[in-house]
Amino acid sequence: MPSFKIDVSTAVVFVATAPEPKMVNKKTDERAVDRETNASLSTVGLLVSDEGEGNLYQVTVPETGLPEGLVPGMPVKVIGLKARDWENEFNGQKRHGISFRAVAIAPVA
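Model, not experiment: these values are computed from the prediction.

Asker: Honestly, the sheet that holds strand S6 (residues 53-62) in this entry has me stumped. Any pointers?
Answerer: Sheets are built from strands paired through backbone hydrogen bonds, the pairs being either parallel or antiparallel. On the basis of which strands lie adjacent, the open sheet formed by 8 strands has the order S1-S8-S9-S6-S5-S2-S7-S10 and mixed pairing. If you trace the sheet from one side to the other, it starts and ends with strand S1 (3-5) and strand S10 (104-107), each paired once. When strand polarity is set aside, the average angle formed by the axes of neighbouring strands in this sheet is 40 degrees. Across 2 bridges, strand S2 (residues 12-21) lies against strand S7 (residues 75-79) in antiparallel orientation.

Asker: For this particular structure, what's the right way to read the pairing of S7?
Answerer: In S7, alternate side chains face the same way, and those of Val76 and Val78 are buried while those of Pro75, Lys77 and Ile79 on the opposite face are not. Pairing of S7 with S10 involves 4 bridges; the strand directions are antiparallel. From the neighbouring strand, Val76 faces S10, where its bridge partner is Pro107.

Asker: Explain unusual backbone geometry here, please?
Answerer: Among all residues save glycine, negative phi is the norm, and among peptide bonds the norm is trans. Notably, Asn38 is not glycine yet its phi reads approximately 65 degrees, a positive angle. Even without being a glycine, Glu51 presents a positive backbone phi close to 55 degrees. On the basis of relative accessible area, Glu51 is assigned to the exposed category, the value being 78%.

Asker: I tried to follow the nonpolar core on my own but got confused; where do I start?
Answerer: A general trend in soluble globular proteins is that nonpolar side chains are found buried together. Leu46 and Ile105 are the most contacted members of the largest nonpolar core, which totals 18 residues. Sorting the residues of this core by element identifies S2, strand S5 (41-50), S6 and S7 as the ones contributing at least two each. If you tally residues by element for this core, the top one is S5, at 3 residues. For Leu46, the residues in contact, after removing those within four places along its chain, are Val13, Phe14, Val15, Ala16, Asn55, Leu56, Tyr57, Val59, Val76, Val78 and Ile105.

Asker: Is there a simple way to think about the pattern of salt bridges in this case?
Answerer: Where charged atoms from two side chains of opposite charge come close, those side chains can pair. The final tally for this structure, using the stated rule, is 2 salt bridges. With its nearest N and O atoms 2.7 Å apart, the salt bridge here joins Arg31 to Glu63. Of this pair, Arg31 sits in strand S4 (residues 30-31) while Glu63 sits in the loop between S6 and S7; the two residues are 32 residues apart in sequence, bridging distant segments of the chain. A relative accessible area of 27% places Arg31 in the partly exposed class. Ionic pairing is found between Arg101 and Asp34, a salt bridge with its closest N-O pair at 2.2 Å. With Arg101 in strand S9 (residues 93-101) and Asp34 in the loop between S4 and S5, this residue pair connects regions lying 67 residues apart in the sequence. Among the residues examined, Arg101 registers a relative accessible area of 33% and is labelled partly exposed.

What counts as what
Residues numbered from 1 in each chain as written. Predicted model: local features only at pLDDT ≥ 70, side-chain atom pairs only at ≥ 80, totals over all residues. Heavy atoms only, no water. Pairing = 2+ DSSP bridges. Helix = DSSP H or I, 4+ residues; strand = E, 2+ residues; numbered from the N terminus. Axes fitted to C-alpha atoms, helices over the stretch in contact; angles between N-to-C directions. Buried < 20%, exposed > 50% of the residue type's maximum accessible area, 1.4 Å probe, protein only. Core = buried A, V, L, I, M, F, W, Y, C linked by side-chain atoms within 4.5 Å. Contact = heavy atoms within 4.5 Å. Salt bridge = Lys/Arg side-chain N within 4 Å of Asp/Glu carboxyl O.

Right, here's the structure in full:
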């Protein structure tokens, strides 16, 4: 499925929730990994405010793109943010949504 770049150059972005490991299987503690770089993935909640509107996004980021010390309320910049739609079927029910992925997150100086 294609992904789409998201321009956040005019947005103010804050960490809403600290990074947490993204799991493939919580029962076996299997971590999700990037298929291209083999880096472990984490998910961080970001509050993106632009043009008078604020939205909360759960963004997946490789651990190599996450600096130490990201805490809620910290202003950050997002590098390479993309959106991708997804769909799956689980127990006979179709689910769909949009996932967000970034190359890196950096503190604002």
